[in-house]
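Residue-level structure breakdown
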Amino acid sequence: MMMDLIGMGLIFIGLFFMLVAALGFVRLPDVFCRLHVTGILDTLGAPIMLLGVAIQIGPTLVAGKLLLAIAFLFMTSPLVGHLLASAALEGGHLPETAGRVPEGGDSASRKG
Amino acid sequence: MTISYTLVLIAILGLSLPYIGRVITGPTMFDRVIGLNAVGTKVPLLLIMIVLIYDRVDMGVDLVLALFLLNLVTTLLIAKYVREKGRISP
C-alpha cells in the first residue's frame, strides 16, 4: 500500500515535469530554447514516471527491464540533444540572443 | 487505481497536443524534429499506462524498450541526414 502511494506520487511528479516541458515548448522563442526545455521531458519526466511504475509493480523482472529503460533514456537523451543542437547550428540557425549583451551589462563585459 | 492510470493516460495525451501542433505548424524544420522526438518519447509512456490498466505489464515492457529504441534511431537518422545535406530551407 505504501509502495503504491509512493509510485503514484512519482508518476504525478513526472506529469508535472511534462507540463513544464510543454509550457516551455509553447512559450520559448527559439530552436535552442525549445531543445533545452525538451531535455527536461526526456531526462527527468519520463524516467521519473518509469521509476514510479517500477516501484508500483514490485521487485520482479519487469521492474528490472523498466530500470534498464531508465538507464537507456539517461544515456541517449543528452546524445539526441547535442546532435540536434549541433545540426541546427551547422544548418544556419543562430540563437536569438547571439552577440547581444543583456540589459545593464554583465560582469564580463563591464570595463574597469 | 485504474482510474488514476486512466487520468494519467488522458493527461499525457493532452500534454502531447502542443507538440503535435508544433510539428504541423513549426517555423523551422528543427522545431518539427524536436516535437517529433518529444511525441515519440510520450508514446511508450502511453503504452505502459494502457498495459497497467489491462494488468498485463509483462507483455508491454519489451514493446516499451523497442519503442524507445525506434524513437532514438529516427531522431538520429534525421539529424545525420540534415547535417550531411547542409542547409535545408524550412
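Here's what I pulled together on the structure shown here.

What counts as what
- Residues numbered from 1 in each chain as written.
- Chains lettered and ligands numbered in written order.
- Predicted model: local features only at pLDDT ≥ 70, side-chain atom pairs only at ≥ 80, totals over all residues.
- Helix = DSSP H or I, 4+ residues; strand = E, 2+ residues; numbered from the N terminus.
- Buried ≥ 20, exposed ≤ 12 C-beta atoms within 10 Å, placed from the backbone.
- Contact = placed C-beta atoms within 7 Å.
- Rg over C-alpha atoms; globule rule 2.2 N^0.38 Å.
- Nonpolar A, V, L, I, M, F, W, Y, C, P; charged D, E, K, R; others polar.
- Expected span 1.5 Å × (residues − 1).
- Axes fitted to C-alpha atoms, helices over the stretch in contact; angles between N-to-C directions.
- Parallel < 35°, antiparallel > 145°, perpendicular 65-115°, else oblique.
- Core = buried A, V, L, I, M, F, W, Y, C linked by C-beta atoms within 7 Å.
- Left-handed = near helix turned anticlockwise from the far one by under 90°.

1. What about the overall build of chain A?
Looking only at helices and strands, one finds three helices and zero strands in chain A. Counting from the amino terminus, chain A carries its helices and strands in the arrangement α-α-α. Here chain A holds 112 residues, and 33% of them are scored as buried. Within chain A, counting contacts between residues at least 6 apart in sequence, those at least 24 apart form 66% of the total.

2. Points about the overall build of chain B
In terms of helices and strands, chain B carries four helices and zero strands. Seen in sequence order, chain B has helices and strands lined up from the N terminus as α-α-α-α. Scaling as 2.2 N^0.38, a compact globule of 90 residues should have a C-alpha radius of gyration of about 12 Å, whereas chain B reaches 16 Å, well beyond that. With the principal axes as the frame, chain B shows a C-alpha extent of 50 × 25 × 10 Å. Sorting the 90 residues of chain B into buried and exposed places 34% on the buried side.

3. Some details on the interface of chain A and chain B
With 34 residues of chain A at the interface, the matching set in chain B holds 32 residues. Broken down by secondary-structure element, the contributors of at least two residues to the side of chain A that touches chain B are α1 (2-27), α2 (31-56) and α3 (61-90) of chain A. Top element by residues in the side of chain A that touches chain B is α3(A). It accounts for 13 residues. The class makeup of the residues in the side of chain A that touches chain B is 25 nonpolar, five polar and four charged.

4. What about the environment of Glu90(A)?
Residues and elements named next belong to chain A. Position of Glu90 among the secondary structure elements: in helix α3. With 13 C-beta atoms counted inside 10 Å, the residue Glu90 sits in the partly exposed group. The spacing of Glu90 and Leu51 is 39 residues in sequence and 36 Å in space, taken between C-alpha atoms.

5. Some remarks on helix α3 (residues 29-53) of chain B
Since the α-helix packs 3.6 residues into each turn, any two residues three or four apart lie on the same face. For α3(B), built from 25 residues, the straight-helix expectation of 36 Å at 1.5 Å per residue is met to within 8% by its first-to-last C-alpha distance of 36 Å. Backbone geometry just downstream of α3(B) places Asp55(B) in the positive-phi region, at approximately 60°.

6. As for the packing of α2(A) against α3(A)
When two helices pack together, their arrangement is given by the angle between the helix axes and the distance between those axes. Residue and element names in this part refer to chain A. Where α2 contacts α3, the two axes come as close as 9 Å, and the packing angle between them is 175°. Taken together, the axis directions place α2 and α3 in an arrangement best described as roughly antiparallel. Here Val31, Phe32, Leu35, Gly39, Asp42, Thr43, Ala46, Pro47, Leu50, Leu51, Val53 and Ala54 of α2 lie close against α3, whose contacting residues are Ala63, Leu66, Leu67, Ala69, Ile70, Leu73, Phe74, Ser77, Gly81, Leu84, Ala85 and Ala88. In terms of residue class, the contact of α2 with α3 is made up of 19 nonpolar, four polar and one charged.

7. What to know about the environment of Leu23(A)
Checked against the element boundaries, Leu23(A) lands in helix α1. Assessed through the 13 C-beta atoms surrounding it within 10 Å, Leu23(A) is described here as partly exposed.

8. What to know about the nonpolar core
Among the nonpolar cores identified, the biggest contains 47 residues, and Leu50(A), Val53(A), Leu84(A), Ile48(B) and Leu52(B) are the most heavily contacted of them. Those elements that place two or more of their residues in this core are α1, α2 and α3 of chain A together with α1 (2-15), α3 and α4 (57-85) of chain B. Per-element accounting of this core gives the leading share, 12 residues, to α2(A). The contacts of Leu52(B), once residues within four sequence positions are left out, are Val53(A), Tyr5(B) and Val57(B).

9. Comments concerning the environment of Asp55(B)
All names here are of chain B. Here Asp55 is to be found in the loop between α3 and α4. For Asp55, a count of 10 C-beta atoms within 10 Å puts it in the exposed group. Counting along the chain gives 53 residues from Asp55 to Thr2, while the straight-line C-alpha distance between them is 9.4 Å.

10. Brief notes about the packing of helix α2 (residues 17-24) of chain B against α3(B)
Residue and element names in this part refer to chain B. Packing of α2 against α3 brings their axes to within 8 Å, and their N-to-C directions diverge by 150°. With respect to their mutual orientation, α2 and α3 come out roughly antiparallel. Between α2 and α3 lies a crossing whose hand is left-handed. Here α2 contributes Tyr19, Ile20, Arg22 and Val23 to the contact with α3, which in turn contributes Asp31, Arg32, Gly35, Leu36, Ala38 and Val39.

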